[in-house]
Each structure stands twice: as C-alpha cells, then as structure tokens.
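Residue strings, one per chain:
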Amino acid sequence: MKSPAAERPRVLSVRFGFNPNSSSLGIDISFLLVGLGGVSVITAALSAWLSAAPPPPPSPGGGAAS
Amino acid sequence: MKFAGLRRRLSAISGARVRTESWGGIVHLRRPAALVYVNRGLLRALGHPEDPLWASPTPGTAHRAPVELHWTLSRRCDQKCAHCYTNSLPQAPAFDPADAERVADALSAAGVFQVALGGGEPLAEPGILIVARALRARGILPSTTTSGAPVTPDLARRLGDFAQINVSIDAVGPAYAAARGHDRFAMADAAVRRLQAAGVRVGINAVLTRHTFDALPALLDYARERRVSEVELLRLKPTGRGRATYLEDRLEPAQAAALLPTVLEAARRRRLRVKLDCSLAPFVYQHAPDPRVLKFFRIHGCEAGDSLGSLDAEGRLSGCSFLEPVAGDAVSVLTRTWSTDPELARLRGYRDAAPDPCRTCPALALCNGGCRAVSVHLTGDPHRPDPECPRVRTHAEGSARDDR
C-alpha cells in the first residue's frame, strides 16, 4: 500500500458559486450537461490553477484561513 | 515558515482559504467562486504542513465542521406568503446585532466558508448589514434571499458585502399571486433590477408546487431575459405554513419524474444555470446520471449535520433549517462538538445504517435518504426514508401488495 505521504495530488470534487437559499443546499444540475468530459476539463483546470499560483506577494496577506 | 508560504500562496490565488479534513481539505476560491475538495497529496504539494487529521491511512468522509451555515436572523416578515416554511409574522423576535462579532468569531473558528442569512425577511432586519460586514471581515462570504420588498435603490447600493442575493419569485405574472397568495411580482422584479443596477450578483429562488410546475418555462424565460446568475428550484416543504396544504400543493409524482429532463432541456436551450435544492436529489437520482459526475460536482442529497448547519433566530443550532435544534450552546457545538454530537452524527450517518429500500439503493452514498423534513412530516420520524422518493414509493406499494 502507498504511504499517505506518497498520495498523488488530486482534485476530488468541486462546488461552484454560492447558495443564498437559507433553507437548503443548491445542487447544480447544469453540470449534468457537461458529463464526464467536463469532469476531466475542470479537474485539469483547477489543478493547474492551484499549482501555478503566481509568485507570493511581498507580505503575507489576509484571506488564508488555514 | 512552510505554513506562512502556504498562506501567501493561497491568498495569491484570488484570496483563497483552506481548511483541512481527514481526506485532505477544502480550498475556497473567490474567483472562480468555488469550494474545491482536494486530497492530502494536493495540499502537501501546495506546501501545507502535515495535519493531525491526516494521520489515518483510511480517511473518513464526514466534515469536521459545517462548510455552509444557514442563519435565520428573525422570523419577522409582513408578506404572509401561503407556504412560508418558517411561519414568519410581522412581529417576531430578532437576532441582536450586538452579538454579530461573537457569532462571526465562532463561525470563523469553526472554518465555515459561506453563510446564507435568512428570515423572515432578512433585508428588513436593521442588523443585517452589521452581520454581513462581520462575516466578510473574517473571510466568510454572506449571501441572502429576499422577497424584494425592502430593496430600495439606496439599500441595494449598500449590499456590497453580499456574494449573491436571490429574489424569491415562484412564477411570473398571475401565477406568482396564485403561488404566494398575493400579487407582488412587480415588486420582486423591481428588486431584481435594482440589485443588478447596484452591481449585486442576483439569482432567483422558486418553490415548486403542482400549481407552479407548468409555469416553469415562463419563469426560466424571465430569468434569461433578466440575465440573472442562476435559478434555484426548491421542493415545497411541509413546515411552517406550508404544512397545512402540503398534500394538496406538493409536486405530483409524474411532475417530479419529469423535473430533471424538463429542467435540463430548459437550461440547455436558454443557456441558464439551474440548481435544484438538496431535497429534490431523489428525483435526480431516479434518472441514474453518471455517478462520477454526480460525485465530482457534489450533486448530493441531504448534508444536514455534515457540511451543512443551521442557526435559528433564537441562536440554536441544528443540522438543517427544518430540523429540531441539538442540545447545548451553538457556539460550543460549532467549534468543539460538531463531530461528536449524537444527533448530528445520526443525521450524517443515515447511509451507514439505512433501512430498506435505501440500503440497496445505488445512490445511497450521495442521497443519504432524501429530505428529513418530508420524512418527519409524513412518517413522524426524520430517520425514515423520504416517502416521496420514487424508489421508496415503489417499495411501499410492493409491501402493501404483499400484505394483501
């Protein structure tokens, strides 16, 4: 079995947008129209987006909550 | 140092925030607005330090805190809509905005990313701008839904802290009055235009009933014409004033079965983004879409007590707005006992001990049993399968035949 440290980097899932409805969660069925092809494209785009962050700004900024 | 590097790197990606989970974590991007679930390997690749939650070789699936919180500021509203799920009234107690900073601190400490402020009529609450500002200051994105009544041009210009505001419009023209019990479509339409003019991202919320179902194409045409960001279609809930006429107003089984193909075709033709609320998930799964697509885009059913929590006007916490509050102080549950509270654990663990016919349903892991609010109304038990799910209905009909 692979050690946890060797886990291949992966985007597992994504939820786009906001959910202003305060009584239930919105599920975006529009993505059913893009199918598995859409999963591949969006996975690649998000992975690239996360991995190719621009150079860090000169000072630590707000926004990161980890 | 490594941690500081991650902070700089993520904040450089359009103000992203990250929260660790046992499987890895959630990255909240501002642009594009998205919650991206990633594994531990990806967070490590981004430079995230090892987290104690990652110690187990077999990560769990439950969230350690809500990702999204629904916060009812009051049940005060003068619209008297026929199916109001909170039974809102012109006079009702409201959240004290003096408490906004304390609650916002707790939500921030818990790692909540988005908060939907509800009511009543949330935009009529004098404290809502204070609450929204307190959330924004902590990187939490507030949103809300309004009838449109309080939205003057001046108020619309002061709503810049909101990530999105939806206007409740169940149908257009005379069908609006039939659905809501009063004719205020023009008021709602004016609110859409004022919010858009002020630069607010605007969507539409529409409750589906058997009486409004046929008016759906006209509503989607209107949404397209107004160029709103999305339409969210909601299942009628048997709570509040909606309880009294629920059986006469709920979708007919044939309408529920036609919902997904009808909406997908309408969305495709109009190039419109359409959401269904989580309680409608069983009517999506009945068409057996590719589970990989469902999973990747988080087209899930009930997430009560897992990624979703709710705070009521009295400050009590529950797994979802329709469910009874759990015991204990809300802040304490949010920040310390979300994972161990027995009632919340039972809600998210439905899939682990599901009765028939959920137990053998291929969609169980995503669906988690349908809508608990419908279950409790129709069976008296929130932990029974949603009786309106087509699979559950078929199972019940079969059992009834066997009994005869």
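What you see is a predicted model, and the numbers here were worked out from it, not measured in a lab. (Residues numbered from 1 in each chain as written. Chains lettered and ligands numbered in written order. Predicted model: local features only at pLDDT ≥ 70, side-chain atom pairs only at ≥ 80, totals over all residues. Heavy atoms only, no water.)

Thoughts on the overall build of chain B
Per the secondary structure count, chain B includes 17 helices and 12 strands. The principal-axis extent of the C-alpha atoms belonging to chain B is close to 60 × 60 × 45 Å. Burial analysis of chain B (404 residues in total) assigns 58% to the buried set. Residue pairs in contact within chain B that sit at least 24 positions apart in sequence constitute 67% of those at least 6 positions apart. Roughly 16000 Å² of accessible area belongs to chain B as shown, and the carbon and sulfur atoms make up 52% of that amount. Taking the average place of the 55 positive charges on the side chains of chain B and the average place of its 43 negative ones, the gap between the two points comes to 6 Å. (Helix = DSSP H or I, 4+ residues; strand = E, 2+ residues; numbered from the N terminus. Buried < 20%, exposed > 50% of the residue type's maximum accessible area, 1.4 Å probe, protein only. Contact = heavy atoms within 4.5 Å. Areas by Shrake-Rupley, 256 points an atom, 1.4 Å probe, with all protein chains shown as cover. Lys, Arg positive; Asp, Glu negative; His and termini not counted. Charge placed at Lys NZ, Arg CZ, Asp CG, Glu CD.)

Overview of the pairing of strand 1 (residues 11–16) of chain A
With five of its six residues buried, strand 1 of chain A lies for the most part within the structure. Direction of pairing for strand 1 of chain A relative to strand 3 (residues 34–39) of chain B: antiparallel, over a ladder of five bridges. Paired with Val11 of chain A across the bridge in strand 3 of chain B is Val38 of chain B. (Pairing = 2+ DSSP bridges.)

Examining the pattern of salt bridges
Counting across every chain of the model gives 27 salt bridges over all chains. Here Arg138 of chain B makes a salt bridge to Asp105 of chain B, at a shortest N to O gap of 2.8 Å. Taken as a pair, Arg138 of chain B in the loop between helix 4 (128–137) and strand 6 (141–146) and Asp105 of chain B in helix 3 (residues 100–110) lie far apart in primary sequence, 33 residues in all. Note on Asp105 of chain B: relative accessible area 42%, which makes it partly exposed. Several salt bridges share partner residues, and in doing so they unite Glu7 of chain A together with Arg40, Arg44 and Glu50 of chain B into one network. (Salt bridge = Lys/Arg side-chain N within 4 Å of Asp/Glu carboxyl O.)

Here's the deal with the sheet that holds strand 1 (residues 17–21) of chain B
An order of 1(A)-3(B)-2(B)-1(B) is seen for the four strands of this open sheet, with the pairing classed as antiparallel. Because the sheet does not close on itself, it has two edges, and the strands there are strand 1 of chain A together with strand 1 of chain B. Neighbour to neighbour, the strand axes of the sheet diverge by 15 degrees on average, direction disregarded. Note: strand 2 (residues 24–29) of chain B against strand 3 of chain B, six bridges, orientation antiparallel. Residue pairing across strands places Gly24 of chain B opposite Asn39 of chain B, the latter belonging to strand 3 of chain B. Helix 1 (residues 35–51) of chain A rests against strand 1 of chain A together with strand 2 and strand 3 of chain B of the sheet, and its axis sits at about 95 degrees to strand 1 of chain A. (Axes fitted to C-alpha atoms, helices over the stretch in contact; angles between N-to-C directions.)

Quick notes on the interface of chain B and chain A
Each partner contributes to the interface: chain B provides 84 residues, whereas chain A provides 53 residues. Taken together, the two surfaces of chain B and chain A that pack against each other cover about 6200 Å², and 64% of this comes from carbon and sulfur. Here Glu7 of chain A ties to Arg40 of chain B by a salt bridge, and the two come within 3.3 Å at their closest N and O atoms. Remark: the boundary between chain B and chain A carries 27 residue pairs in polar contact (both at pLDDT 80 or more). Ranked by residue count, the leading element in the side of chain B that touches chain A is helix 1 (residues 2–12) of chain B, at seven residues. (Buried area = accessible area lost by both parts, 1.4 Å probe. Polar contact = N/O pair within 3.5 Å; in protein donor to acceptor, adjacent residues only side chain to side chain.)

A closer look at the environment of Thr58 of chain B
Along the chain, Thr58 of chain B falls in the loop between helix 2 (40–45) and strand 4 (68–72). Considered as a pair, Thr58 of chain B and Ser22 of chain B are 36 residues apart in the sequence and their alpha carbons are 8.7 Å apart.

Looking at the packing of aromatic side chains
Tallying each qualifying case throughout the model produces eight aromatic pairs over all chains. Each ring, one from Phe31 of chain A and one from Phe297 of chain B, has its centre 4.2 Å from the other, and the planes form 10 degrees; the classification is stacked. Pair noted here: Phe31 of chain A is in the loop between strand 2 (26–28) and helix 1 and Phe297 of chain B is in the loop between helix 12 (291–296) and strand 11 (308–311), and the two residues belong to different chains. Each member of the pair, Phe31 of chain A as well as Phe297 of chain B, carries the same accessibility label: buried. By the ring-pair criterion, three or more aromatic residues cluster together here, those being Phe16 and Phe31 of chain A together with Phe296 and Phe297 of chain B. When the ring centre of Tyr37 of chain B is taken as reference, the NZ or CZ atom of Arg298 of chain B above it lies at 3.7 Å. Residue placement shows Arg372 of chain B over the ring face of Tyr350 of chain B; its charged tip is 4.6 Å from the ring centre. (Phe/Tyr/Trp six-rings, centres within 6.5 Å; stacked < 30°, edge-to-face > 60°. Lys NZ or Arg CZ within 6 Å of the ring centre and 35° of its normal.)

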